[in-house]
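# Survey of secondary and tertiary structure
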Amino acid sequence: MSFRSASLLALCLVSLAACDQSQPGEPVIRTDISGEKGVEIASAGEKKAAPSPSPTPTPSETANPEDSACEPVRFEDVVFTHCVADPAEHRVRMVLGSPPYRSLAKLSAARGEDAPRVAFAMNAGMYDGEGKPIGYYVEDRERLQELNRNEGSGNFHLKPNGVFYGTGGTWRIKTTEDFYSTVGDRPDFGTQSGPMLVIDGSIHPRISEDGPSKRIRNGVGVDKDGKAHFAITARPVSFGQFARFFRDVAGTPNALYLDGSVSSLWDPARGRMDTRADLGPLVVVEAKE
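Counting restarts for each chain: residues are numbered from 1 in the order of the written sequence. With pLDDT at 70 or above as the cut-off, local features in this predicted model cover only qualifying residues; side-chain atom pairs require 80 or more to be listed or tallied, and sums for whole chains, interfaces and linings still use all residues. By convention in this description, side-chain values take in all heavy atoms of the structure and omit both hydrogens and water.

## Quick look at the packing of aromatic side chains
Aromatic ring pairs are reported here in terms of the distance separating the ring centres and the angle at which the planes meet. In plain terms, the rule: A pair of Phe, Tyr and Trp rings is counted when the ring centres sit within 6.5 Å of each other, with Trp represented by its six-membered ring. The angle between the planes then sorts it: under 30 degrees is stacked, over 60 is edge-to-face, the rest tilted. A simple rule labels every residue: compare its accessible area, found with a 1.4 Å probe on the protein chains alone, to the largest value its type can have, and call it buried under 20%, exposed over 50%, or partly exposed in between. Whether a charge sits over a ring comes down to the Lys NZ or Arg CZ being within 6 Å of the ring centre and within 35 degrees of the ring normal.
Tallied over the entire structure, the rule returns 13 aromatic pairs. Taking the centre distance of 5.8 Å and the plane angle of 70° together, the rings of Phe-75 and Phe-80 count as edge-to-face. Considered together, Phe-75 and Phe-80 belong to a single accessibility category, that of buried residues. Positioned above the aromatic ring of Tyr-180, the side-chain terminus of Arg-149 is 3.7 Å from the ring centre. The ring of Phe-239 is capped by Arg-217, whose NZ or CZ atom sits 4.0 Å from the centre of that ring.

See below:
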């Protein structure tokens, strides 16, 4: 071994902790239940900074995939995790935390032992640097943010955007302008995001068939029977492919984009807990016991 090689080895051994730490801008790791390996997504240049990679969670000993409301579905050569909330079996809640939880793990830790069983949970809407929603947000009938009808840049302002909301077992998705014009009573829950993916059975007019922007994405749609369909992709997809999943597979006449790159899912029945960048508003689907 040369003197130069020995010196470099000694330097790394002395500062081993620093050598082992991931540097800003490196990929973050998400967990995939499709049977494929976890997917890495480069976070550099994204609108939200991502933390260092987290260890892949080990499935809980109490996990029982047969009880899961989610299942992997392959569509156009990509695995989507498709989760269905049924009003007959589930209730939907929005949860932020004060201060915001910023992660599904902190949400899980904050739930009391007598809390209803979680069927699944996801990030649900765009947010500012503190994790607070930038659009309409209602939690337990309390409005924490007003409807945002402003013009602007970015996915949220790719009009029409929309609102996912509901009271009791009636859940809906409307464009922001339709919501503004027709909804007078405050719902039990609500979150505004954008863009809309599917509007009255047609894909958003400004979404191309397969554009260059590809991200891991998550969203929600409501079908004709009133069930809410949530989806998150196993690897980056275009807006067009994501929208087609809701139209052609989930069968939802209206669907709303929730976010991309930071998209995360908690599925207790399968022992899945995605640990990614700091999150904002969270949607929790609880079992009716």
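The rest of the description comes next.
## Brief notes about helix 5 (residues 239-250)
Operational definition: Put simply, DSSP H or I for four residues or longer makes a helix, DSSP E for two residues or longer makes a strand, and each gets a number counted from the N terminus. For a helix, the expected span equals 1.5 Å multiplied by the residue count minus one.
Between its first and last C-alpha atoms helix 5 spans 15 Å; for 12 residues at 1.5 Å apiece the expected length is 16 Å, and the two agree. The buried count for helix 5 comes to nine of 12 residues, which makes it a mostly enclosed element. Taken together, the buried positions of helix 5 are Phe-239, Gly-240, Gln-241, Phe-242, Ala-243, Arg-244, Phe-245, Phe-246 and Ala-250. Gly-251 lies just past helix 5 and shows a positive phi near 65°.

## Details of the side chain of Ser-68
The test is simple: Think of a polar contact as two N or O atoms within 3.5 Å of one another; within protein, one of them needs to be a possible hydrogen donor and the other a possible acceptor, and neighboring residues in sequence only count if both atoms come from side chains. In what follows, a contact means two residues having at least one pair of non-hydrogen atoms within 4.5 Å.
Structurally, the position occupied by Ser-68 is in the loop between strand 2 (40-41) and strand 3 (70-75). Here Ser-68 falls in the buried class, since its relative accessible area comes to 16%. For Ser-68, the side chain forms a polar contact with the main-chain nitrogen of Cys-70, separated by 2.9 Å. Of note is the side chain of Ser-68, whose polar atom sits 2.8 Å from the side chain of Asp-267. Those residues in contact with Ser-68 that lie beyond four places of it in its chain are Asp-267, Ala-269 and Arg-270.

## Brief notes about the pairing of strand 19 (residues 282-287)
The side chains of a regular strand alternate between both faces of the sheet. How we decide: We call two strands paired when DSSP finds no fewer than two bridges between them.
Within strand 19, six of the six residues are buried, which leaves the element mostly enclosed by the surrounding structure. Of the pairings in the sheet, the one linking strand 5 (residues 90-95) to strand 19 comprises six bridges and is antiparallel in character. For Met-94, the partnering residue across the bridge sits in strand 19 and is Val-283. In this structure, strand 6 (residues 118-123) lies alongside strand 19, joined through five bridges in antiparallel fashion. Directly across from Asn-123, in strand 19, lies its bridge partner Leu-282.

## Digging into the environment of Phe-80
Take Phe-80: it is sitting in strand 4 (residues 78-85). Sequence spacing of Phe-80 and Phe-230 is 150 residues, and the spatial spacing of their C-alpha atoms is 9.8 Å. Excluding anything up to four places from it in sequence, Phe-80 contacts Glu-71, Pro-72, Val-73, Phe-75, Ile-232, Thr-233, Gln-241, Phe-242 and Phe-245.

## Regarding the sheet that holds strand 5
Pairing is antiparallel in the open sheet, where five strands are placed in the order 5-19-6-17-18. The open sheet terminates on both sides in strands that have one partner only, identified here as strand 5 and strand 18 (272-273). The pairing of strand 6 with strand 17 (residues 265-267) spans two bridges and is antiparallel. What sits directly across from Met-122, in strand 17, is Leu-265.

## Here we look at the state of the cysteines
The cut-off we apply is this: Disulfides are defined as cysteine sulfur pairs within 2.5 Å.
Tallied over the full model, the rule gives one disulfide. In this model Cys-70 forms its disulfide with Cys-83; the gap between the sulfur atoms is 2.1 Å. Measuring handedness by torsion sign, the sulfur bridge of Cys-70 and Cys-83 sits at about 110° and is right-handed. Pair noted here: Cys-70 is in strand 3 and Cys-83 is in strand 4, with a separation of 13 residues, a long-range link.

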